[in-house]
Each structure stands twice: as C-alpha cells, then as structure tokens.
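A closer look at the structure
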Amino acid sequence: MRLEAFSVCHKYGIIEAIDKVSVSLESGDFVGILGSNGSGKTTLLRLLAGALKPSMGTILLDSEDIGDMVPKVIAQKIAVVPQNGTIPFPFSVLEIVLMGREPHKGRFSRESPQDMDIVFQAMAATSTTHLAKRSVLELSYGEKQRVIIARALAQEPGILLLDEPTSHLDPGYQVEIMDLFKSLSRFENIAVLAVLHDVNLASQYCDRLVMLNHGRKVADGPPQEVVTEEILKKVYGVKAHITTHPVVGCPQVMLVPGFMSPAS
Amino acid sequence: MKPDPVAYSAYRDRRYRCFVTLTFLLLTAMAIAAGVGAVSIPLPDVISILLRRLPYVSKWIPHTGWPDAYETIILEVRLPRILLAIIIGSSLAGAGATLQSLFRNPLADPYIMGISSGAALGATIAISFRLPSFIPGLNSVPVAAFLASIITMAVVYSLAGVSGRASMDAFLLSGVVVSSFLWAVMSLVMMVSGDSLREIMMWLMGSLSNKGYVHVKMAAPYWIFGIAVLIIMARDLNLICLGDDEARYLGVDPGQSKRIAVIASSVVTAASVSVGGVIGFVGLIVPHTMRMVLGPDHRLLLPASTIAGGIFLVTADTCARTLIAPAEIPVGVITALVGAPFFLCILRRRKIRGS
C-alpha cells in the first residue's frame, strides 16, 4: 500500500499551515514527522487521512486521489489515532474498540466471531483487555490512548497514521507501544507514520524522519541526516549536542540548557 | 483475563430483554390509559375491545357483553389521544437522543434549534387572527404551526450553512438567534390578540385535549418517516458523537450523516409540536434515562428511547386528564412537574456514584 502527497498546501484563512510539502509512505515504512509547535504536523496528518482537502496539490492512496474516495473505503485502508479527543457518553472500552470494525461491516450487520477475535487481539496487543467492560469516561489519559490505538488496530489497516501516540504514556508504555508499531511495520508490512514530539524516541524507532518548520519540509531522510545540530538549531532554536545511542546506534539529542551557553 | 465472546453476547441479550420489557410497559400503559377516565372501564373489557380491532386475532376474542358506549369511548375518544401521545412522545425522545449525539452534549433537546418557536408563532397567529382552515375536521392551528416550524427549520438551516460547512455550533447559534426573534414577534402578536390570550397560553403549555384521528393522520407520516430514518442512522450517530474527524476516520461522512439526522429529527419535532404544543422535558429525560439503563449505543438507545418516550407521554397524559377531573392540566405542565425533580434525582445519584 502506498500513500503519497505531492506538493500539498493548506491554508487556515490566510495563514499557510502547509506549504508545498511532499511525502511518501509505503508498506513497511516507519516514518516520523517532527517539527516545532504550530509547524503543521497535525495538519499534514489530517490531509494525509483525507479529513482536510488540500488547497493545492494531490494526495494519492494506491495511485487514486483520496479526495475522490468515500470515507468508508479510506477507513478500510487507513486507520488514524488522533490526539486525545473527548468522548461525551459512557461507551464501554469494548464498544469503542468494536467501532474499529465499522468500516468492514454493513450498516445493520452485527459483529461476527471473526470481528470479535480481531478486536480481542487488538486489545491484547495494547494491554487493554482488562479494561473491556470499563466506561471510557473513567479511564486515565494513557489508558484511553491505548484504547484508541486498539481501535485503530481493529480496523486492520494497511496504513497507520498516529498523532503523538505516546504523548500521555509513561516510559514503560511508550516503549511498549512504539515496539508494537515497529513490529507492525516490520512483520505485518503496515506503513506507519507518526507525528512525534520526542526527537530521541523518533530517532530510535523511525526508519525515516520528516522535519517540518513553519509548514515547509526542511529535511527528509534517515535519522542520521535529520537529527543534526544545525537542523535542530534552525527548527527549535536550541543548542544541542548530538551523541550516538550506545545500543541502537542512532543519533540522540542532548539539549544544552540556555544558562550554560553564553548568550549569542 | 480474556472477556470471551459468549459473555459479550449474554451482555447483549440482557439489553434485548430490556426491549421486550419496554414494549410490555407500553402496552400496559396504553391499556390503563384506555380504561381510566370519567367512565371507568374494566381492564379485561379494554383489552378485548382493542384486540377485536386487530386483524387475525379478532376472531378469537369473544364479546363478553360490555355496553356499546365502552367501544365508542375507547375507540373514538381515548385511543386517538393515546396514539397521539405515543407519536409525540416517541418523536421528541428520538429527536432528543439524536441531537444529544450530534451536539455531543447530553443536555441538548429537540427544541434547541428553534423549531418550537416557529411552531409557537404559527399557532399564535392562527389563534389570534382566527385563520380559516382548509382541511376538513382540522382547525388551522396545527397546520399553521407545522408550516411555520418547517419554514423556521429552513431559515435556521440556511443561516447555519452561510458559514461554509454546516457545523453544529452554527446550527445552535442560528437556532438561538432565529428563536429569540420569533419569540419577540410572537409577543407582539399576543399583545394585540386580546381575548385569545388564554387559548394561546394553553397551546404553548402543550396539551392533547380535543384531539382526534385527524391529528394522528396529520402527524403519522412524518413520524414514520422520521423515526425510520433516525433508526437507520443509529450507527452513524455512534461515530459522530466521537467528533467529526473520528467519524470520518471510521468510515462515516460526518457532513452528510449530520444533515440527514438534523432534517429527520426536525421533521418529527415539527410534526409533534404542531399537533401537541410545546411539551417539554420528554426529549431530555427519556434519552438520558435510557442511556443510563442501556448504555450509549444508539443502535439500542434510539429504538428504546422512542418506545420509552411513548410510555412516558401516555402516562403523563393520563395523569393530565384524570388528576383534577373534570378539568384538565396541560400535559406539558405534568411532564415538567415530574421531569424536573426526576432529572435532579438522576444527576444527584450519578454524582454520588461518580465520586
């Protein structure tokens, strides 16, 4: 499966949120999107998911324009984990994860035993099985995040788009969830694209990183090419010291606190 | 601990049992409502008289020698009123459940988009100026109310659409604006209406007195159409209440589904307001109560709310016409008198359980 954006633009009013960005994603890829706050990461993800229409440029899903596809067909191929949204009613965790099967079902059909198997596998993979009967309103942020990830897995997507999937998770679950995405991309041949905040985590897990700054793409390549002192200075305005991860071998950032460096 | 599918289907079966219970309660409420009143009719006679009107079963029901007047009272006086109460109660509850999902707010009710104010203005004009009727057997009030509420709906809808895609906030805002404008116009009309003021007040409080099959026939087509559409949309409502983007990511076009759901719930609300007046609280407390019993899944919540809405209004209307007989209390007063404290109890209990 292949998802490509060709020099897409998107404006909110007159503000250019995304300016001529091209990215491509293929089965087995694990791509991280990095960038400062307000650099257009979430907008790019929503464009790729078909939730926003680009003002210019095209987005192709398996060489078909995503703007011409109905949501149901897109949802059979792409699953999205958005940033934590509010759920206004006390759905049970099981009901929420079951919603991941909706794109594959008819309007009136009940879930089949296969649907239930897929849902329980998704819940086992995200350690949410024990929450099944709990109301989503009673969950912590981290638990809810894992439930939404389980719902995305239950969609059995070819492409998984994640908007800061680890933002509410403790280090233990961060590693568990990122390991899960890594194995999905490596062994299940799923294309994974994740908006990430944590440069070090992104560098450890992603095969490719895309760096956005003010809606423009400033770097696209393996972590070694993207996580550099120069690019971090340009995008985040920070002084950083780059080392190599002793186990993974990828570049890691050590920020230099402002009070340690003379004002420049 | 893996929750097995068997346990899950048992959980679903429990909810279907609630369904059977609701239908039984509705039939019971209907039978009691047909029996009580100025002339009290024994329950077995009520059931026999009603069953004898049904196809296929009628030939198994013997006539046990009740006076003919019983049949006239039940079939000509009480039954149309009961049917109207079911239509209105289920419409308001169904529309309430739908709008609560669309607005993602459990406090939304069917009147939130100004349909009731349109109907109220239409009715006020018809009563004040004694508009002539062109439908035999039906006075001009419900017709004027229905037309005015449909026009209001169209205005609110086009105003909301001005801001680009019709978001629910835009609906709410234009509903509030149009509503306050219409109430102002209505106040003006009421000022010049003189002696019909009392009649207007009675209408505004909501009442099912002096209604017949002609009203049932007027509201029924919209009711059948609207409720059917809402039940078909139940799955979409489940996803839409998570938010627009999430609904899309799970395969539902939020714009299209919302438009259909808004129109269907507006039509059933307009039809029921025009024949019954502004009956409050049904659209708020019935879906709320059902959600606490059955959970928020709209595939169960919507049909259950429509049945429960019927039960609630049939019961309330029976109280309305018997409590201070021979006088009648407007049923809207009963629903508010029962509804408000009941609602507070629910909120209180939930708060205690939640903490």
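First, a word on what this report is: a plain description of the structure on this page. Treat the numbers as computed from the prediction; the structure is a model and nothing was measured. (Residues numbered from 1 in each chain as written. Chains lettered and ligands numbered in written order. Predicted model: local features only at pLDDT ≥ 70, side-chain atom pairs only at ≥ 80, totals over all residues.)

**Description of the interface of chain B and chain A**
Here is the rule: Note that contacts rest on C-beta atoms placed from the backbone: two residues are in contact if these are within 7 Å. Only DSSP runs of H or I covering at least 4 residues are called helices, and only runs of E covering at least 2 are called strands; the numbering of each starts at the N terminus. Three classes are used: nonpolar for Ala, Val, Leu, Ile, Met, Phe, Trp, Tyr, Cys and Pro, charged for Asp, Glu, Lys and Arg, and polar for all others, with Gly counted as polar.
At the junction of the two partners, chain B supplies 26 residues and chain A supplies 29 residues. For the side of chain B that touches chain A, the secondary structure elements donating two or more residues are helix 1 (5-35), helix 9 (234-240) and helix 10 (244-249) of chain B. Counted by class, the side of chain B that touches chain A contains twelve nonpolar, five polar and nine charged residues.

**Brief notes about the sheet that holds strand 10 (residues 216-221) of chain A**
Residues and elements named next belong to chain A. Defined as follows: Pairing between strands is defined by DSSP: at least two bridges between them are needed. Only the stretch in contact is used when a helix axis is fitted, and all axes are lines through C-alpha atoms; the angle between N-to-C directions ranges over 0 to 180 degrees.
If you walk across this open sheet you meet the six strands as 6-7-8-3-9-10, and the pairing is mixed. Two strands lie at the open edges of the sheet, namely strand 6 (78-81) and strand 10, each paired on one side alone. In this sheet, neighbouring strand axes are inclined to one another by 15° on average, regardless of whether the strands run parallel or antiparallel. Of the pairings in the sheet, the one linking strand 6 to strand 7 (residues 159-163) comprises four bridges and is parallel in character.

**Some thoughts on the pairing of strand 11 (residues 240-244) of chain A**
Residue and element names in this part refer to chain A. To keep it simple, the criterion reads: Put plainly, a residue is buried at 20 or more neighbouring C-beta atoms within 10 Å of its own, exposed at 12 or fewer, and partly exposed in between, counting only other residues' C-beta atoms, which are placed from the backbone.
In terms of residue burial, strand 11 counts as a barely covered element, since only zero of its five residues are buried. Relative to strand 12 (residues 251-255), strand 11 is paired through five bridges, and the arrangement is antiparallel. The residue of strand 12 that forms the bridge with Thr243 is Gln252. Counted along the chain from strand 11 to the antiparallel partner strand 12, the turn is six residues long, and its residue Gly249 has a positive phi close to 85°.

**Quick notes on the nonpolar core**
Counted only if it meets this: Structurally, a nonpolar core is described as a collection of buried Ala, Val, Leu, Ile, Met, Phe, Trp, Tyr and Cys residues joined by way of C-beta atoms within 7 Å.
Among the nonpolar cores identified, the biggest contains 183 residues, and Ile33, Val97 and Leu161 of chain A are the most heavily contacted of them. The element best represented in this core is helix 3 (residues 68-102) of chain B, accounting for 16 residues. Those residues in contact with Ile33 of chain A that lie beyond four places of it in its chain are Lys41, Leu44, Leu193, Ala194, Val195, Leu196, Val210 and Leu212 of chain A.

**Digging into helix 12 (residues 282-294) of chain B**
Residue and element names in this part refer to chain B. Just so we agree on the cut-off: One fewer than the residue count of a helix, multiplied by 1.5 Å, yields its expected span.
Compared with an ideal rise of 1.5 Å per residue, which puts 13 residues at 18 Å, helix 12 spans 18 Å between its outermost C-alpha atoms and is within 8% of the ideal. Val282, Gly283, Leu284, Ile285, Val286, Pro287, His288, Met290 and Arg291 are the residues of helix 12 that are buried. Just downstream of helix 12 lies Gly295, where phi reads positive at about 90°.

By themselves, these are just geometric observations and shouldn't be taken as functional.
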